[in-house]
Amino acid sequence: MKKNLVVIGYGGMGGWHTEKALKSDVVNLRGIYDIKAERRELARSRGIFAYDSFDAVLSDPEVDLVTVAIPNDAHPEVVIRALEAGKNAICEKPVAITSAELQTMIDAAHRSGKLFTVHQNRRWDVDFLAMKQLMKTGEIGELIRVESRIHGSRGIPSDWRGKKAYGGGMLYDWGVHLIDQILQLIDEKVRYVYCTLENITNDEVDDGFRLEITFESGKTAYVEVGTLNFIAMPRFYMKCKSGTALISDWREKTKVVRCKYWHESDVLPVETAAGLTKTMAPRDDVTTDTYELERPASDVHDFYRNVCRAIDGLEPQLVTHEQVMRVLKLIEAAFRSAETGARVDFE
Ligand code: NAD
């Protein structure tokens, strides 16, 4: 049976959740609640029921599930109140600003016996799924390094995202998605992290960052977010033992170059700039295969499908407490690294 959902916070992302809920095969949109009267009125003008208070949501016995889509600093209190009122709760990312706050949310979920999860929707991004597919098929061999970048050129938004007290900054905003993806891709302990932050258009919070993650086996991942990049660097670059994959932009397919023959006796030196090189001589299609991967299938509704099946005990929740805690602790380690200028041990 469909679960009755109320979306808390009817801003940008709350609007997205309500739209998806209206098309969902697993949830009924019962209504929304926003702290601002004008947002409630806007919902009503669109034919969506709006509760007048959060208490009214919590005391409605028909409500099974709430999705909390409000500024980051306010997540813990609202999620904990929902769980304590016997509602299942989805929280937007980043789930909390500190791991200590997240622990209080997890404790509340255990006490209530209700489902609590986080909307890590970028696990359904097709660019990420293409990287995951390459790891699974092993067609370009063992991973050496993956680089994941998001570059924009509009600075950080001037709303709460630019303010520290609200949990603003790019490490929280985009970092939480990109780090979650990397930890999904590489199933190993992290040895250490090194991070530097950018403050180009905003002094209060980071408007970009560069994060190097080193895993137990020596595999590395690099995550970078920039908000003043008028030419964007590739979304994903994956270097493996028998090939390389590149996604120039999330709208593009994955380009793969796979090595067919390693040894070349007839490599000819090439002229580059003012000199000759054999080491950097490009390869041809005799020794490599170049091809594009089909875009993997993805349906973002699968997140809510999993939540509803997990509530009914039919499958485990995909976004687990342990995973979101690990990502938040890694973000904390990245902030410590940026502050001290040193590599920080992790796990
Ligand atoms: P927003 O500013 O557009 O909207 C927030 C809304 O919450 C506002 O309408 C505000 O009035 C309301 N609000 C504030 N405090 C409230 C409270 N205590 N109770 C009820 N309503 C309250 O922000 P947004 O862009 O929608 O972001 C909301 C959350 O969603 C953030 O945590 C953000 O990081 C997350 N987000 C996630 C994604 C994603 O892809 N998963 C994308 C964008 C935003």
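Structural data are supplied above this passage.
Cut-offs used in this document
- Each chain has its residues counted from 1, running along the sequence as written.
- Under the rules for a predicted model, residues below a pLDDT of 70 receive no local features and side-chain atom pairs below 80 are neither given nor counted, while totals for whole chains, interfaces and linings still include all residues.
- Side-chain metrics in this entry use all non-hydrogen atoms of the structure; hydrogen atoms and water are not considered.
- Put simply, a patch holds well-exposed residues, over 30% relative accessible area, that have no salt bridge, with like charges counted together within 9 Å and Val, Leu, Ile, Met, Phe, Trp or Tyr side chains within 5 Å.
- Under the convention used here, a 1.4 Å probe and the Shrake-Rupley method define accessible areas, while residue burial counts only the protein chains that appear.
- By definition here, a salt bridge exists when the distance from a side-chain nitrogen of Lys or Arg to a carboxyl oxygen of Asp or Glu is within 4 Å.
- Elements are defined by DSSP. Helices are runs of H or I of four residues or more, strands are runs of E of two residues or more, and each kind is numbered from the N terminus.
- Paired strands, as defined in this entry, are two strands with at least two bridges between them according to DSSP.
- Axes here mean lines fitted to C-alpha atoms, for a helix over just the part in contact, with angles spanning 0 to 180 degrees between N-to-C directions.
- Here a residue is near a molecule or strand as soon as one of its heavy atoms is found within 4 Å of it.
- Nitrogen and oxygen atoms within 3.5 Å of one another constitute a polar contact, given that in protein one can donate a hydrogen and the other can accept it, and given that sequence-neighbouring residues count only through two side-chain atoms.
- Only protein atoms enter the 1 Å grid used here, on which a cavity is any set of points holding a 1.4 Å probe that cannot leave and a pocket is any open set flanked by protein within 12 Å on both sides along at least five of seven lines; residues with an atom within 4 Å of a point are listed as lining.
- Pocket or cavity membership: a molecule qualifies when more than half of its atoms sit within 2 Å of the grid points of that site.
- Gly is placed with the polar residues, together with every amino acid not listed as nonpolar (Ala, Val, Leu, Ile, Met, Phe, Trp, Tyr, Cys and Pro) or charged (Asp, Glu, Lys and Arg).
- Grid points are joined across faces, edges and corners, and a volume is the space filled by probe spheres set on the points.
- The buried label goes to any residue with under 20% of its type's maximum accessible area, the exposed label to any with over 50%, and the partly exposed label to all in between, with areas taken from a 1.4 Å probe on protein chains only.
- Here, nonpolar core means buried Ala, Val, Leu, Ile, Met, Phe, Trp, Tyr and Cys residues that are tied together by side-chain atoms lying within 4.5 Å of each other.
- Here a residue-residue contact requires only that any non-hydrogen atoms of the pair lie within 4.5 Å.

Turning to a nonpolar patch on the surface, a few remarks are in order. Taken together, the side chains of Ile200, Leu228 and Phe230 define a hydrophobic patch exposed on the protein surface, amounting to about 330 Å² of accessible area. Inspection of the secondary structure assignment puts Ile200 in the loop between strand S7 (190-198) and strand S8 (208-215).

Another aspect to go through is the sheet that holds strand S2 (residues 27-33). Taken in spatial order, the five strands make up an open sheet running S2-S1-S3-S4-S5, and their pairing is parallel. A single partner strand is all that each edge strand has here, and the edge strands are S2 and strand S5 (116-118). Strand-to-strand, the axes of this sheet are offset by a mean angle of 20°, without reference to chain direction. Here four bridges tie strand S1 (residues 3-8) to strand S3 (residues 65-68), and the two strands are oriented parallel to one another. Bridging across to S3, Val7 finds its partner in Thr67.

Bringing the site of the ligand into the picture now. Near the ligand, the surroundings consist of 24 residues, among which Met13, Asp34, Asn72, Asn121 and Arg161 are the closest. Within the side chain of Asn72, one N or O atom sits 2.6 Å away from an oxygen atom of the ligand. Lys93 places a polar main-chain atom, nitrogen or oxygen, 2.8 Å from an oxygen atom of the ligand. The protein chains hide 83% of the 850 Å² of surface that the ligand would expose on its own. Taken atom by atom, the bulk of the ligand overlaps the largest pocket. Each residue belonging to the shell around the ligand can be placed in one class, and the counts come to ten nonpolar, eight polar and six charged.

Of the voids in this model, the largest pocket is the one considered here, and its volume is about 980 Å³. For the largest pocket, the lining is made up of 32 residues, of which Gly11, Ala69, Ile70, Pro71 and Trp160 are closest to its centre. Secondary structure elements with two or more residues in the lining of the largest pocket: helix H1 (12-22), helix H2 (37-45), helix H4 (75-84) and helix H7 (170-185). Across the lining of the largest pocket, the residue classes tally to 13 nonpolar, seven polar and twelve charged.

Looking now at the pattern of salt bridges. Under the definition given, this model contains 30 salt bridges. Among the ionic pairs, Lys241 bridges to Glu142, the shortest N-O distance being 3.5 Å. A residue pair is termed long-range when its members are at least 10 positions apart, and Lys241 in the loop between strand S10 (236-240) and strand S11 (243-247) and Glu142 in the loop between helix H6 (126-137) and strand S6 (143-151) qualify at 99 residues. For Lys241, a relative accessible area of 58% puts it in the exposed group. Between Glu224 and Arg149 there is a salt bridge, with the nearest N and O atoms lying 3.3 Å from each other. Of the two residues, Glu224 is situated in strand S9 (residues 220-226) and Arg149 in strand S6; the sequence distance between them amounts to 75 residues. Across the pair, Arg149 and Glu224 agree in class, each one buried. Among the charged side chains, a network of salt bridges with common partners joins Arg145, Glu147, Arg149, Glu212 and Glu224.

The biggest cluster of nonpolar side chains holds 97 residues, and the ones touching the most others in it are Ile8, Leu102, Phe116, Leu211 and Ile213. Among the elements that line this core, the one with the most residues is H7, at nine residues. In this view, Ile8 contacts Tyr33, Phe54, Val57, Val66, Thr67, Val68, Ala69, Ile70 and Val78; residues no more than four positions away in its chain are not counted.

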